[in-house]
Amino acid sequence: MADSTSLIVNKQTKGGWNAAVFIMVVEMTERFAFYGLASNLMTFLTNELGQSTATAAKHINTWLGVSYLFPILGAFLADSILGRFKTVLLSSFVYLLGMVMLPLSVTVVAPRLREKAFFMALYVMAVGEGGHKPCVMTFAADQFGEASAEEKATKTSFFNYWYLSIVLGSSIAVLALIFIQERVSWLAGFSVIAGSVGIAVLIFLIGIPRYQKQVPVGSPLTRVAQVIVAASKKWRLSTTRHHYGICYEEGTEEDKSESTNAHLLARTNQFRFLDKATIIDEVDNTSNKSRNPWRLCPVNQVEEVKLILRLVPIWISLIMFSATLTQLNTFFLKQGSMMNRTIGDHFTIPPAAFQSIVGVTILIFIPLYDRVFVPNVRKITNHHSGITSLQRIGVGLFIATFNMMLCGFVEAKRLRIARDHGLIDSPKQVVPMSSLWLLPQYILVGIGDVFTIVGMQELFYDQMPETMRSIGAAIFMSVVGVGSFVSTGIISAVQTISKSHGEEWLVNNLNRAHLDYFYWVIASLNAVSLCFYLFMANRFVYKKVQDKDDDDVEGEREE
């Protein structure tokens with residue numbers, strides 16, 4: 001009796017906002033460090049290490065790409081071996097090591113080795129990000145239940161405020177660290193970054209008694225492979241249910257012990273080929289041994305694989321959006337550096353400081369979205385989130401496409417003013433055009449993120465099998481990584497093609513470049529991607545679940 005009472009008390013004192021707030025503060029501090037580095041990295045590479053604009057942009061995109069692809073490995077280790085808590089803890093120490101290496105690379109390292117030491121520090125950080133990124137968000141989301149509509153609404157609010165904490169950390173970094181880096185020294189800026197990560201690790205350790213921890217359940221990829229192999233072995237069988245009389249349900253005690261889900265997934269009609277894995281044929285009937293998982297899989301396991309497959313085309317359609325975001329840390333910054341940024345007679349705004357506009361926009365719009373937009377739209381749609389995750393993402397994709405068109409118009413105006421004032425061959429002269437012209441494109445980036453990024457986080461968490469949610473977060477983040485590589489590829493292609501036609505678009509002197517044409521290329525690719533997204537989202541089937549003890553099916557309607 002005492003043990004059961006202590007168990008109830010333990011459940012009541014662990015998890016919820018009391019636990020999540022510690023993890024949110026950790027993420028806010030860690031994002032402060034990451035964006036304090038990434039937001040002004042273009043300036044450091046071009047001014048301190050002497051790299052060209054295009055080369056620096058490629059290096060930044062490659063580093064970001066690796067940082068967002070490593071989480072796939074980290075998520076696999078978390079879901080199958082270590083668990084999310086241990087993965088976050090271990091990776092945080094690796095990340096801290098990389099951050100400590102940054103100030104050392106600009107002080108104790110010989111000048112001829114400085115560039116190599118700096119990039120070594122960056123990629124040690126990328127390894128640490130591999131474990132931290134996919135697990136910290138899912139670990140925080142695990143602190144909340146999702147059994148009722150009220151709990152689902154709370155979790156939706158969590159995703160909004162989770163992103164709000166990220167933006168708050170990044171905005172403070174852009175406003176404070178950039179001034180330290182450019183007005184004091186890069187050593188001071190990098191030292192502050194390393195110290196903030198150390199504080200984040202300490203906060204995470206303090207919150208340990210409050211956390212709900214998920215137990216790893218073995219390799220989730222094995223369960224996926226079993227379904228594919230079992231379906232392949234029975235490729236000649238018909239998926240018509242009455243053809244063989246019975247499909248294998250998750251009915252035995254062995255199967256129930258294997259499943260850690262609170263609910264069973266309901267049958268769906270998509271990817272019917274995989275349903276063959278559930279059919280009991282003559283071989284299964286005549287076997288005296290226990291079920292062979294590589295020949296016969298329960299319906300729930302097959303439906304888990306279908307969940308993953310449904311997300312693949314959505315993932316593909318989001319790549320160009322991620323490629324668009326990389327412009328924020330590269331060409332947006334160089335564009336602003338050539339415009340009038342003075343306030344009064346003595347103060348000049350650093351180009352990277354404009355990124356704080358994105359953060360301020362998000363800080364304003366997320367509370368409005370959560371407290372005004374969602375409750376009012378919920379009255380019309382009767383949906384716990386107001387609009388579905390896919391609808392939310394779609395709005396953001398449209399905004400991103402429109403924004404790149406706007407960027408093209410603004411850059412074309414800047415080039416006309418440069419030509420009119422004879423500044424084509426004077427790249428170090430400030431073009432007499434106010435940098436306030438850049439405000440709309442930064443604001444639209446922020447509004448687009450409120451819709452798309454938060455929607456992506458929620459979709460790739462909610463629609464993944466419960467045992468694979470770290471991998472779901474890693475898949476979401478890998479879109480950003482692949483988008484960074486795609487952006488690098490687009491830059492290389494544009495340089496090659498434009499040079500072959502006699503006029504290279506992306507040269508160091510932006511007054512002679514055609515960055516406006518490049519923006520229009522990105523806008524066109526975004527428009528094509530948006531059309532593909534709308535086509536696939538309209539055919540998407542949301543997860544449908546039923547209680548293990550009854551047949552009541554719950555799920556969201558299709559888009």
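About the cut-offs
Residues numbered from 1 in each chain as written. Predicted model: local features only at pLDDT ≥ 70, side-chain atom pairs only at ≥ 80, totals over all residues. Heavy atoms only, no water. UniProt positions renumbered as here; feature names shortened; annotations may be inferred. Helix = DSSP H or I, 4+ residues; strand = E, 2+ residues; numbered from the N terminus. Buried < 20%, exposed > 50% of the residue type's maximum accessible area, 1.4 Å probe, protein only. Contact = heavy atoms within 4.5 Å. Areas by Shrake-Rupley, 256 points an atom, 1.4 Å probe, with all protein chains shown as cover. Core = buried A, V, L, I, M, F, W, Y, C linked by side-chain atoms within 4.5 Å. 1 Å grid on protein atoms, 1.4 Å probe; cavity = no way out; pocket = protein on both sides within 12 Å on 5 of 7 lines; lining within 4 Å. Points joined across faces, edges and corners; volume = space filled by probe spheres on them. Expected span 1.5 Å × (residues − 1). Salt bridge = Lys/Arg side-chain N within 4 Å of Asp/Glu carboxyl O. Axes fitted to C-alpha atoms, helices over the stretch in contact; angles between N-to-C directions. Parallel < 35°, antiparallel > 145°, perpendicular 65-115°, else oblique. Left-handed = near helix turned anticlockwise from the far one by under 90°. Nonpolar A, V, L, I, M, F, W, Y, C, P; charged D, E, K, R; others polar. pLDDT = per-residue confidence, 0-100. Phe/Tyr/Trp six-rings, centres within 6.5 Å; stacked < 30°, edge-to-face > 60°. Lys NZ or Arg CZ within 6 Å of the ring centre and 35° of its normal.

Within an unreviewed UniProt entry, the label attached to the chain reads Major facilitator superfamily (MFS) profile domain-containing protein, and the organism entered is Brassica cretica. In its Subcellular location (unreviewed entry) section, UniProt records this for the chain: "Membrane".

## Considerations on the overall build of the chain
Counting secondary structure elements, the chain contains 21 helices and seven strands. Within the span of the chain, comprising 559 residues, buried residues form 56% of the whole. Sequence separation of at least 24 residues holds for 81% of the intrachain contacts in the chain that already meet a minimum separation of 6. Of the accessible surface of the chain, which amounts to about 23800 Å², a share of 63% is contributed by carbon and sulfur atoms.

## What about the nonpolar core?
Judged by nonpolar contacts, the single largest core of 156 residues is most densely connected at Leu-37, Trp-63, Phe-118 and Phe-518. Filtering out sequence-adjacent residues up to four positions away, Leu-37 remains in contact with Trp-63, Leu-102, Phe-118, Leu-122, Met-125, Phe-190 and Ile-193.

## As for the environment of Asn-329
When you line up the elements, Asn-329 lands in the loop between helix H15 (319-325) and helix H16 (331-337). Taking the relative accessible area as the measure of exposure, Asn-329 reaches 10% and is therefore buried. On a C-alpha basis, the gap between Asn-329 and Tyr-35 in space is 9.7 Å, while along the polypeptide they are 294 residues apart. Leave out the neighbours within four places in its chain, and Asn-329 touches Ala-38, Ser-39, Met-42, Ile-60, Leu-64 and Gln-355.

## So, empty space enclosed by the protein
The gaps left among the atoms become clear once a water-sized probe is rolled over them. Applying the stated criterion across every chain yields a total of six cavities of 30 Å³ or more. Counted as a void, the largest cavity has a volume near 640 Å³. Forming the walls of the largest cavity are 33 residues, and the residues nearest its centre are Tyr-35, Tyr-68, Tyr-163, Leu-325 and Asp-449. In terms of residue count, the dominant contributor to the lining of the largest cavity is helix H8 (residues 149-184) (seven residues).

## A closer look at the environment of Ser-67
Residue placement: Ser-67 occurs in helix H4 (residues 53-69). Here the alpha-carbon distance between Ser-67 and Val-127, two residues 60 residues apart in the chain, equals 7.1 Å.

## Thoughts on helix H18 (residues 389-420)
Given a rise of 1.5 Å per residue, 32 residues ought to cover 46 Å, and the 47 Å separating the end C-alpha atoms of H18 matches this to within 8%. Phi turns positive one or two residues past the end of H18, at Gly-422, with a value near 65°.

## A word on the pattern of salt bridges
Overall, the coordinates contain twelve salt bridges when judged by the stated rule. With a closest N to O distance of 2.9 Å, Asp-275 and Lys-306 form a salt bridge. Remark: Lys-306 occurs in helix H14 (residues 299-317) and Asp-275 occurs in the loop between strand S1 (263-265) and helix H13 (282-286); sequence separation between them is 31 residues. What makes Lys-306 buried here is its relative accessible area of 0%.

## A closer look at the environment of Leu-168
One can find Leu-168 in helix H8. With 194 residues separating them along the chain, Leu-168 and Ile-362 place their C-alpha atoms 8.7 Å apart. Apart from residues no more than four positions distant in its own chain, Leu-168 is found in contact with Met-28 and Leu-363.

## Quick look at the packing of helix H5 (residues 71-82) against helix H6 (residues 84-105)
As a packed pair, H5 and H6 sit with axes 8 Å apart at the nearest point and diverge in direction by 135°. Compared by their axis directions, H5 and H6 come out oblique. When you trace H5 past H6, the crossing you get is right-handed. Only Arg-84, Lys-86, Thr-87 and Leu-90 of H6 make contact with H5, whose side of the interface consists of Gly-74, Leu-77, Ala-78, Asp-79 and Leu-82. Of the residues assigned to the contact of H5 with H6, the class counts are four nonpolar, two polar and three charged.

## Points about the confidence of the model for the chain
Interpreting fine coordinate detail is not advised for predicted regions of low pLDDT. Per-residue confidence for the chain averages 81 on the pLDDT scale, and 88% of its residues sit at or above 70. Mean pLDDT across the elements of the chain bottoms out in helix H1 (residues 2-13) (44) and peaks in helix H21 (residues 515-537) (92). Low pLDDT (under 50) marks residues 1-11, which in the prediction has one contact with non-local residues, meaning those over four places away or in another chain.

## Some words on the packing of aromatic side chains
Each aromatic ring pair is characterised by the separation of its centres together with the angle its planes make. Applying the stated criterion to the full structure yields 27 aromatic pairs. Sitting over the ring of Phe-34, Arg-31 keeps its end group 4.4 Å from the ring centre. A cation over an aromatic ring shows up here: Arg-539 above the ring of Phe-535, its NZ or CZ 3.9 Å from the ring centre.

## Observations concerning the packing of helix H2 (residues 17-38) against helix H9 (residues 186-206)
In a pair of packed helices, the angle between the axes and the distance between the axes together describe the arrangement. Running from N to C, H2 and H9 cross one another at 165°; their axes reach a closest spacing of 9 Å. Put simply, H2 runs roughly antiparallel to H9. As for the relative orientation of H2 and H9, their crossing is left-handed in sense. Residues Phe-22, Val-25, Val-26, Thr-29, Glu-30, Phe-32, Ala-33, Gly-36 and Leu-37 of H2 lie in contact with H9, whose contacting residues are Phe-190, Val-192, Ile-193, Ser-196, Val-197, Ala-200, Ile-203, Phe-204 and Ile-206. Counted by class, the contact of H2 with H9 contains 14 nonpolar, three polar and one charged residues.

## Observations regarding the side chain of Ser-67
Looking at Ser-67, the relative accessible area reads 1%, which means it is buried. Once you skip the residues sitting within four places of it in the chain, Ser-67 turns out to touch Ala-126, Glu-129 and Lys-133.

## Points about H21
Residues spaced three or four apart along an α-helix point in a common direction, a consequence of the helix completing one turn every 3.6 residues. With 23 residues, H21 extends 32 Å from end C-alpha to end C-alpha; this agrees with the ideal 33 Å at 1.5 Å per step. Among the residues of H21, those classed as buried are Leu-515, Asp-516, Phe-518, Tyr-519, Ile-522, Ala-523, Asn-526, Ser-529, Leu-530, Tyr-533 and Ala-537. Those residues of H21 that are buried are in contact with H14, H15, H16, H18 and helix H20 (469-500).

## With respect to unusual backbone geometry
A positive phi is found at Phe-271, a non-glycine position, where the angle reads about 50°. Given the relative accessible area of 35%, Phe-271 is considered partly exposed. At Asn-382, a residue that is not glycine, the phi angle is positive and equals roughly 60°. Residue position: Asn-382 is located in the loop between helix H17 (355-381) and H18.

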